[in-house]
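Examination of the molecular architecture
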Amino acid sequence: MDNMERIIIYPTAKRATIVAHLLGVTAIILMLGWLLHYRGGIDLHSDNNDRVFNVHPFLMFFGFIFLAGEAMMAYKTVTAVKKVQKFVHSLIHFTAFILGIVGIYAVFKFHKRLGIPDMYSLHSWIGMGTFCLFGLQWIFGFGYFWFPTATMTIRTRVLPWHVYWGRALLYMAICTAETGLMEKATFMELKHGTESRLMNFTGLAILLFGIAVDLSIAFGRHV
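A brief structural summary. (Residues numbered from 1 in each chain as written. Predicted model: local features only at pLDDT ≥ 70, side-chain atom pairs only at ≥ 80, totals over all residues. Heavy atoms only, no water.)

Quick look at the pattern of salt bridges
The full count for this structure, using the stated rule, is 2 salt bridges. Linking E195 and R39 is a salt bridge whose minimum nitrogen-to-oxygen distance equals 2.9 Å. Of this pair, E195 sits in helix α6 (residues 194-218) while R39 sits in the loop between α1 (11-38) and α2 (49-77), and the two are 156 residues apart along the sequence. The class of E195 is buried, set by a relative accessible area of 10%. Look at R39 and you get partly exposed, because its relative accessible area is 22%. (Salt bridge = Lys/Arg side-chain N within 4 Å of Asp/Glu carboxyl O. Helix = DSSP H or I, 4+ residues; strand = E, 2+ residues; numbered from the N terminus. Buried < 20%, exposed > 50% of the residue type's maximum accessible area, 1.4 Å probe, protein only.)

Some points on helix α4 (residues 122-145)
For α4, built from 24 residues, the straight-helix expectation of 34 Å at 1.5 Å per residue is met to within 8% by its first-to-last C-alpha distance of 33 Å. All of the buried residues along α4 are H123, S124, G127, T130, F131, F134, G135, Q137, G141 and F145. Summarising the contacts, the buried residues of α4 are in contact with α2, α3 (82-114) and α5 (152-188). (Expected span 1.5 Å × (residues − 1). Contact = heavy atoms within 4.5 Å.)

Here we look at the environment of G24
Here G24 is to be found in helix α1. Judged by its relative accessible area of 0%, G24 is buried. Spatially, the C-alpha atom of G24 lies 18 Å from that of R197, the residues being 173 residues apart in sequence. Apart from the residues within four sequence positions on either side, G24 is in contact with F61, F66 and F209.

So, the packing of aromatic side chains
Inspection of every chain in the model, using the stated rule, returns 16 aromatic pairs. A ring pair is formed by F64 and F131, whose centres lie 5.4 Å apart and whose planes are at 50°; its orientation type is tilted. In this pair, F64 is assigned in helix α2 and F131 in helix α4, connecting sequence segments 67 residues apart. Side by side, F64 and F131 carry an identical accessibility label, which is buried. Measuring from ring centre to ring centre gives 6.5 Å for F142 and W146, while their planes differ by 35°; the resulting arrangement is tilted. Residue classification places F142 among the partly exposed positions, given a relative accessible area of 32%. We classify W146 as partly exposed; its relative accessible area is 32%. The structure contains a cluster of three or more aromatic residues connected by ring pairs, namely F58, F61, F62, F66 and F209. The ring of W146 carries K86 above its face, with NZ or CZ at 5.6 Å from the centroid. Above the ring of F53, the side-chain terminus of K184 is found at 4.0 Å from the ring centroid. (Phe/Tyr/Trp six-rings, centres within 6.5 Å; stacked < 30°, edge-to-face > 60°. Lys NZ or Arg CZ within 6 Å of the ring centre and 35° of its normal.)

Read these as geometric descriptors, not functional statements.
Laid out in structure tokens, this is it:
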């Protein structure tokens, strides 16, 4: 039954998935344009502190938010054997978690070099809370939906909470990204100009990406 479940994917989900991919790729391009053209590049091992910091926003979006959204859409909008869907879903989430660790390490390394205190801003509070909850979400999801010891009754009870926290954490991660962009713009004391507008469009694309992902999974497969 687990492998032979009927899949129903509404056309709205398919269209929303396409839009989500376009917005996600757009956000990646805009962020790379900002980091490479205006901020000097991306290099975790560079002697240039700005390049070390730049690893943080790039990996926290592409490596964490974007891949997390991809994992959610892969499970809800791709027709495949259930076990394959679950494996891809958990694998992409795990990859996002690992890349997120590298992204967080980058900003801690940047702070240490400049003698800046850690975990002092709302951005960092929301971000670390989101990341820790994301890790717990993955662990509990792996435990409940992969191990055969969890009965179907338990899985049925846990599933709505798993879905709820997945969607909530996506928006929490996006909120973290938006506050991070605002915080960085404030520190750089950006005036109204090309770089400022580029950061604004990047933040807008990230937000719209999250909305499109949520829409695609809301209309995704129903069993």
